[in-house]
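What follows is the residue order along each chain.
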Amino acid sequence: MAQYVPAFAGCSAPTILNHHEPALLAARGDSSSVGTLGLVRRHLEMRAWKRYERAVIRRVDAVVAFTERDRQAIESYQGGTPVVHIPFGTVPAERPLDPVGHSPPSLLFVGSFIHQPNVDAALRLAQDIFPLVQQQCPQAVLYIVGDRPPAQLRQAAGTGVIVTGYVPD
């Protein structure tokens, strides 16, 4: 969202950037560079990302980072902008989950349906995409979970499609 920061220049409200992953860390983790030319390209990309992120961060009032590692990377830019670590609501698993999963194979869509794009996405998944999945895997189940599903979404429930509405956890 950093690309939109200039649009808020002169705005009286505080500008807060939710920084999902510093590009500098993502570029460091890129293992696609091979050979001397690839290493030079990666080094130049890292410098460009660092310069861009530093410039953006200096234009906002605060930055939110979701991991301590990201917070430290952002603070290394030494711009003086406050960086706050607000962790995810759940702790991610240390190891990937079993990709085979449990029987029957299940897909989960979670969203608040007071947000129309979530309604549109869930409908497209249930009506257009999931039938293609069922052709390959007839026993598959799609769970659509979220508060206030509208009637059109509730009507999408059927064979293999379960619309739960609100769930406590």
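Anything mentioned here points back to the structure above.
Predicted model, so just to flag it, every value in this text is computed and none were measured. (Residues numbered from 1 in each chain as written. Predicted model: local features only at pLDDT ≥ 70, side-chain atom pairs only at ≥ 80, totals over all residues. Heavy atoms only, no water.)

Participant: Is there a simple way to explain the pattern of salt bridges in this structure?
Facilitator: Any two side chains of opposite charge can pair, given that their charged atoms come close. The full count for this structure, using the stated rule, is four salt bridges. Of the charged contacts, one joins Arg41 and Glu45 as a salt bridge, the two residues approaching to 2.9 Å between their closest N and O atoms. Highlighted residues: Arg41 and Glu45, both in helix H2 (residues 35-58), separated by four residues, approximately one helical turn. Glu45 gets classed as partly exposed once you look at its relative accessible area, which sits at 31%. The shortest N-O distance in the salt bridge between Asp147 and Arg148 comes to 3.9 Å. Given the relative accessible area of 36%, Asp147 is considered partly exposed. Within this structure, Glu68, Arg71 and Glu75 form a network of salt bridges that share partners. (Salt bridge = Lys/Arg side-chain N within 4 Å of Asp/Glu carboxyl O. Helix = DSSP H or I, 4+ residues; strand = E, 2+ residues; numbered from the N terminus. Buried < 20%, exposed > 50% of the residue type's maximum accessible area, 1.4 Å probe, protein only.)

Participant: I would appreciate a short explanation of the layout of surface pockets in the present structure.
Facilitator: Rolling a probe over the atoms, with the probe sized like a water molecule, indicates the empty space that remains. Here the largest pocket is characterised by a volume of approximately 170 Å³. Met1, Ala2, His19, Tyr52 and Glu53 are the residues nearest the centre of the largest pocket, which is lined by 13 residues in total. Mapped onto the lining of the largest pocket, the elements with two or more residues apiece are strand S1 (16-19) and H2. Considering each element in turn, the lining of the largest pocket owes the most residues, five residues, to H2. Tallied by class, the residues present in the lining of the largest pocket amount to eight nonpolar, three polar and two charged. (1 Å grid on protein atoms, 1.4 Å probe; cavity = no way out; pocket = protein on both sides within 12 Å on 5 of 7 lines; lining within 4 Å. Points joined across faces, edges and corners; volume = space filled by probe spheres on them. Nonpolar A, V, L, I, M, F, W, Y, C, P; charged D, E, K, R; others polar.)

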